[in-house]
Structures are given as structure tokens and as C-alpha cells.
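Single-letter residue listing:
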Amino acid sequence: MAERKEPTPPSVSPQLETRVDPTSARFEANMRFLADMVSQVRNEEEKIREGGGSKAIESQHGKGRLTARERIARLVDQGSFFELGSFAAYGMYEEWGGAPSAGVITGLARIHTRMVMIIANDATVKAGAFFPMTSKKVIRAQNIAIENRVPTIYLVDSAGVFLPLQEDVFPDTDDFGRVFRNNAVMSAKGIPQIAAIMGMCVAGGGYLPVMCDHVLMTDGSGLFLAGPALVQAAIGQKVSAEELGGAAMHSAISGTLDFREPNDEACIERIRAIVEKWGYRRQSPWDRRKPEAPAFAAEEIYGVYDSSPARPYDMKEVIARIVDGSRFDEYKPDYGKTLICGYARIGGFAVGIVANQKLHAQATDHEGKKRVEFGGVIYTESAEKAARFIMDCNQTLVPLVFFHDVNGFMVGRDAEWSGIIKAGAKMVNAVSNSVVPKITVIVGGSFGAGHYAMCGKAYDPRFVFAWATARYAVMSGDSAASTLVEIKIRQLERGGKKLSEDERKELFASVKKTYDEQTDPRYGAARLWIDKIIDPVETRDAITNALEAASLNPDVPEFKVGVLQT
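Residues numbered from 1 in each chain as written. Predicted model: local features only at pLDDT ≥ 70, side-chain atom pairs only at ≥ 80, totals over all residues. Heavy atoms only, no water.

## Details of a negative patch on the surface
Piece 1. A contiguous patch of negative charge on the surface is contributed by Glu501, Asp502, Glu503 and Glu506.
Piece 2. Its location among the elements puts Glu506 in helix H18 (residues 501-519). (Patch = residues over 30% accessible without salt bridge, like charges linked within 9 Å, V, L, I, M, F, W, Y side chains within 5 Å. Areas by Shrake-Rupley, 256 points an atom, 1.4 Å probe, with all protein chains shown as cover. Salt bridge = Lys/Arg side-chain N within 4 Å of Asp/Glu carboxyl O. Lys, Arg positive; Asp, Glu negative; His and termini not counted. Charge placed at Lys NZ, Arg CZ, Asp CG, Glu CD. Helix = DSSP H or I, 4+ residues; strand = E, 2+ residues; numbered from the N terminus.)

## Looking at the packing of helix H4 (residues 132-148) against helix H5 (residues 176-188)
Piece 1. Two elements in contact, H4 and H5, have axes whose closest approach is 9 Å; the angle formed by their N-to-C orientations is 15 degrees. When the axes of H4 and H5 are compared, the pair comes out roughly parallel. In this structure, H4 meets H5 at a crossing whose hand is left-handed. For the pair formed by H4 and H5, the contact residues are Ser135, Val138, Ile139, Gln142, Asn143, Ala145 and Ile146 on the first element and Phe176, Arg178, Val179, Asn182, Asn183, Val185 and Met186 on the second.
Piece 2. Split by residue class, the contact of H4 with H5 holds 8 nonpolar, 5 polar and 1 charged. (Axes fitted to C-alpha atoms, helices over the stretch in contact; angles between N-to-C directions. Parallel < 35°, antiparallel > 145°, perpendicular 65-115°, else oblique. Left-handed = near helix turned anticlockwise from the far one by under 90°. Contact = heavy atoms within 4.5 Å. Nonpolar A, V, L, I, M, F, W, Y, C, P; charged D, E, K, R; others polar.)

## Some thoughts on unusual backbone geometry
Piece 1. Residue Ala127 is not a glycine yet carries a positive backbone phi of 55 degrees.
Piece 2. Locating Ala127 in the fold gives a position in the loop between strand S3 (114-121) and H4.
Piece 3. A residue is classified by how much of its surface remains accessible, and Ala127, at 42% relative accessible area, is partly exposed. (Buried < 20%, exposed > 50% of the residue type's maximum accessible area, 1.4 Å probe, protein only.)

## Examining the nonpolar core
Piece 1. Core analysis: the largest hydrophobic core is formed by 95 residues, its most contacted members being Ile353, Val354, Phe403 and Phe465.
Piece 2. In this structure, Ile353 is in contact with Ile319, Val323, Phe328, Ile340, Cys341, Gly342, Ala344, Phe389, Val401 and Phe403, ignoring residues within four places of it in sequence.
Piece 3. Of all hydrophobic cores here, the second largest spans 23 residues; its members include Ile72, Leu75, Ala120 and Ile194. (Core = buried A, V, L, I, M, F, W, Y, C linked by side-chain atoms within 4.5 Å.)

## So, the pattern of salt bridges
Piece 1. Scanning the entire structure with this criterion turns up 35 salt bridges.
Piece 2. We note a salt bridge from Glu44 to Arg522, for which the minimum N-O separation is 2.8 Å. Placement of Glu44 in helix H1 (residues 25-48) and of Arg522 in helix H19 (residues 521-526) is noted, with a sequence separation of 478 residues between them.
Piece 3. Using a relative accessible area of 12% as the deciding quantity, one classes Arg522 as buried.
Piece 4. Where salt bridges share partners, they join Glu45, Glu46, Arg49, Arg69 and Glu83 into one cluster.

## Let's talk about the side chain of His451
Piece 1. Residue position: His451 is located in helix H16 (residues 448-453).
Piece 2. Classification of His451 as buried rests on a relative accessible area of 8%.

## Focus: the environment of Glu147
Piece 1. Examined against the element boundaries, Glu147 turns out to sit in helix H4.
Piece 2. When near neighbours in sequence (up to four residues on either side) are disregarded, Glu147 contacts Asp460, Arg462 and Asn553.

## A few points about the pairing of strand S12 (residues 361-364)
Consecutive side chains of a regular strand alternate in pointing toward one face of the sheet and then the other.
Piece 1. Burial along S12 is one-sided: the residues Ala361 and Ala363 are buried and none of Gln362 and Thr364 is.
Piece 2. As consecutive antiparallel partners, S12 and strand S13 (residues 370-373) are separated by 5 residues, and within that stretch Gly368 has a phi angle of approximately 85 degrees, a positive value. (Pairing = 2+ DSSP bridges.)

## Considerations on the pairing of strand S5 (residues 193-202)
Piece 1. With respect to burial, S5 is a largely interior element, 9 of its 10 residues being buried.
Piece 2. The pairing of strand S4 (residues 152-158) with S5 spans 6 bridges and is parallel. Residue pairing for S5: Ser158 is matched across the bridge by Cys201.
Piece 3. After leaving S4, the chain enters H5 and then returns to the sheet as S5, a path that is right-handed.
Piece 4. Here 4 bridges tie S5 to strand S6 (residues 214-218), and the two strands are oriented parallel to one another. If you follow Ile197 over to S6, its bridge partner there is Met217. (Right-handed = clockwise from strand over helix to strand, strands pointing away.)

## Overview of the packing of helix H13 (residues 380-395) against helix H15 (residues 420-433)
Piece 1. Close contact between H13 and H15 brings their axes to 8 Å; oriented N to C, the two are set at 25 degrees. Between H13 and H15, the angle falls in the class roughly parallel. The chirality of how H13 crosses H15 is left-handed. Here Thr380, Ala383, Glu384, Ala386, Ala387, Ile390 and Met391 of H13 lie close against H15, whose contacting residues are Ile420, Ala423, Gly424, Lys426, Met427, Ala430 and Val431.
Piece 2. In the contact of H13 with H15, the residues fall into 10 nonpolar, 2 polar and 2 charged.

## A few points about the environment of Ala248
Piece 1. Turning to its location among the elements, Ala248 is positioned in helix H9 (residues 247-252).
Piece 2. Note on Ala248: relative accessible area 29%, which makes it partly exposed.
Piece 3. Remark: the alpha-carbon pair of Ala248 and Glu300, spanning 52 residues in sequence, is separated by 58 Å.
Piece 4. With residues up to four places along the chain from it excluded, the contact list for Ala248 reads Glu242, Ile253 and Arg260.

## A look at H1
Piece 1. Under the 1.5 Å per step criterion, the end-to-end length of H1 is 35 Å for 24 residues, consistent within 8% with the ideal 34 Å.
Piece 2. Among the residues of H1, Phe27, Asn30, Leu34, Met37, Val38, Val41, Glu44, Glu45 and Ile48 are the ones counted as buried.
Piece 3. Packed against the buried residues of H1 are helix H11 (301-304), strand S19 (471-473), H19 and strand S20 (532-533). (Expected span 1.5 Å × (residues − 1).)

## What to know about the packing of aromatic side chains
Piece 1. Counting across every chain of the model gives 16 aromatic pairs.
Piece 2. These aromatic residues form a ring-pair network of at least three members: Tyr93, Trp96, Phe131 and Phe162.
Piece 3. Over the ring of Phe82 we find Lys532; its NZ or CZ atom is 5.1 Å from the centre of that ring. (Phe/Tyr/Trp six-rings, centres within 6.5 Å; stacked < 30°, edge-to-face > 60°. Lys NZ or Arg CZ within 6 Å of the ring centre and 35° of its normal.)

## Focus on the environment of Val304
Piece 1. In this fold, Val304 is placed in helix H11.
Piece 2. A sequence separation of 10 residues divides Val304 from Asp314, and the C-alpha atoms of the two residues are 7.7 Å apart.
Piece 3. What Val304 contacts, discounting residues up to four positions off in sequence, is Val20, Phe27, Asn30, Tyr313, Asp314, Glu317, Val318 and Arg321.

## What about helix H3 (residues 68-75)?
Piece 1. Those residues of H3 that fall on the buried side of the exposure criterion are Ala68, Arg71, Ile72 and Leu75. Down the axis of H3, the buried side of the element spans an arc of 95 degrees, and every buried residue falls inside it.
Piece 2. Structurally, H3 contributes buried residues whose contacts are with helix H2 (54-62), strand S2 (104-111), S3, S4, S5 and helix H10 (264-276). (Arc of directions from axis to C-beta.)

What follows is the structure, encoded as C-alpha cells:
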């Protein structure tokens, strides 16, 4: 009989070293700078969470109803709600009094430990009416649910389309009608959906709950295609809201409801009871082991990160405070040094990391000449390395995590002669055709074509997270302002006007201010280019949540890259 062998213990990856001095003046200055930025974002997020304000909350309670946030808190396992899109519509619709969080709350959570997507209308914001960004936010949440096969729960309490802006809500592919199309697609894909009507659900919005697997409704709520006033105007029929579309009618006469509940609390308990009995689908192909905390404190990221171009920082120091055990198998460490590639685990999940390195690096070209490569810039060699690494991760079923702090691709004669466009195209091709889950974290700058190559929003990352320090644009504020001011000066000079030095400075400051506002992550989050602005110390948890969502979808298409320029 053959001798029984004990299982081979898992191999241990090398641990990253740290050279950070937490007592240094630079570390402490970085800490203060980042802490101030995070605090500012947190304070604004707290204001957003107030929704329509105290009077609107009192009005909701006066109807015997909970607010959307109170409903979510009761529904989900304690502390499990991971909100997405809280800055949606930030600074928008001010002529209508604003729409905090676009009047709808979305996020991942757990119910009886099972991950779900929550989509809850906030009736304290314009009675839960749909602004243009409301539709887009609901659709974004549904798209996350579709791509990751996340069961979805809708807490419905909405007056329907915000009529003054109906032309921007109603007709397009990312507008109101897409929500119901997604309901049908999700159902066909076997993604469970529960809708609970806990207030008004009128007009076209009435289709949403009825296209879900389970429909619940509380007494005192209304579900109808046209309300009593519109019915009287259209066909002259006088009917009460309760008779027209109340819970009793839909429960006993139309048969639309699966469950009629007396109040919000009972409705929420019923949802939890339904979810608790769901079965399980096929296992995810992504490898996961028992998580291991990083060897270095996450809070030290505050002191490691430096936003100043004059003071490059080591991205490996950031990675060391995010990955399990601070262990990292770096891929081709001596080649293409301005991009870091390598294997690690985050929250126990195996991942491939592609990160911009901000340190300047010494390199040798094919003729043996030495040169300095600038941190945050993608050179030919780094693009080629990343393209190959991304293809390897797809070949071996390893999810990808991208950390952005990128100025763009290198320019100039030497770069062009080295084939920078060809190498960049390879990287973009590999990112575009990648079939494993991709998660993007924008740490600092994310500019120009570098944003695309590092899996920007247009390249289908499952989630896009950003730190408060993120900057998101074609180019930096200084570069853009210089370019735009130069163009403006030439236009004025052609008209015979010459600007003084003070006028030039004033024009530059004005243009830069506008541009900087548009590169702020809150501007991008308002338009849903970013799913969540995260505290840097929460980066590991955010990525783990994203990977747990991705693990619900076991299907992986065949990986093909098409034609690569060689």
C-alpha cells in the first residue's frame, strides 16, 4: 500500500518591506493633509444622508412610514450596508432645491449573511421622484447586480418621474424605461428580485415591482398606472386611492401582490424571511483562502501617500498596507518599473495588481543608454509588461485590481520611436477584452489615455472606487489651464487685444479653478463615473466587498484578445 502523504502547506509569498518613517515631518504633513480631505468628504456625506431634511423626515414619520435609511437599517444584517453612489447628483438640480443622493439609496448588504443589492427610493427627497440622475443611479445598481449576479431588493416609495425634467428622464437607453428592461433581463438570468411597495408607486414606475419575483405591499400604499386625479381627468371616473390601487384591492381582487403587510416593520421581516430560504447557486471560480491582515497598519497610508509631484512616493508602501500579510509576488520587477504588476491576496481572494509607481526609476534602453523614467508615466516597456500580465491573469482566472495615479503615456521622439502607441494599444486591448473581474481604485491622478489603459470607467470595471485625493480628467488642472489660456490669448490677439501680465494671471486662475472643480472626485461621483469615494483605510474592505459580489457570478467567457500589433 502506498504511503499516505500529508497535504502540501501553501507556499508563502515574499513580504513587502517598508522604509516608511512615521516620525518624519513629511509623514506627519501627509497625514494631516489626507485626514483633512477625508474629513471634508465625510462631513459632506453626512449632510447628504439627511436626505430632504428634518421636516421631510417628520412628514414621512407622520404617515406611519420609516425613512429609506431606517428601512435599510432594519432590513440588513447589522453593519453590513456598503453604500454606493451616495454623491450622485451632488451639486446638481440646485434650481429645484437639489436632489441629495439623487433621491435613491443603493448599495450592497447582507441579509442572513447572503449578499444583496439594495435600491431604496428616498421619499424625503421630492417624494422619491425620479430625476435624470435617479434613473442612471438605479440602472448603475442594476448593472452591478447583472454583471455580478447579485440578488436585488427594491424598497419602492416614489411619486414617479420628476415632470419638469421629464425629457431628460424618459426616452433614452440610460433613462427610466431601462429600469424595467433590466428587471426583465435580471429575471431571465435567474437573478432573484424582491420589490416592497412601502408608499406610492405610480405611472410607469408601477411596472418595476410587478416584474420582480416577489411583490410585497404595505397598507396605506398605492400602486396604479394613473392616480385618482388623472383617472378623473382622463375618463371622468371618481375613485379613491385605496379603491383604485390599495394593498387590499391588489391582494384580494387584482391578485398582484404576493404578500400584504400591515406596516413597514412587518414588510421588512417578511423580506428577511423570504431571503433566508433561498438556495445556493454554483461556486465561484475565483480562488479564496482564509484572509490574513496586512503586516502594516492601514492608517499609515495617510502618511505614505503624497499628492505633490515634487515628492514621489512608493506605491508598494500602499500595496503593503492593503494585501493579505503584506505579501506580494512582483512580476518582472526590473522591467517597465513605472508600472507595478504582481500577485497577492485581498480579503483572502487571489488577485493580480496593476499599479502606477510614483517613484522615478533608472532604466537602460536597447542601445545600453541610461535614462530616468518619471514616476506615474507609462513607458513602452511598462505598457508591454502590463499587457502581458493582464493576459496571464485572464489565462489563469485571477481577478484584476488597478491602482491609478497616472499622468499618462510618455511622449516625445524617443517614446514614439520605441513604439509607445503600439505598446499602449496592446495594453488597452488586453484591458478591453479581459474576462476576469476588474476593480479600479483611483488613488491620485487619472489622466488622459493612462486612465483608459488602467481600466477607466469605459473599460467595464465591476466597481470604481476613488480616494478623496483622486483627480479625474484629460490632463491636470495646471496643464489644461496653461493650454486653454494660451488658446484664449491667441484668439484675443487676433482680434487686436493684448493682455497684461495681471490679466493673464487672472485668466489662468479662473480657468484653473473651473477645471479643478471638474477634476474633483465629487464631480465624477455626482455623475456616477465613480461608485464610491472611500477613506484610504477602507480600501481593503471595499475591494473585498467588490470581490465577494463578483464571486456570485460563476460564468467566465472565453478569453480572446483579437489582433495585437507586434
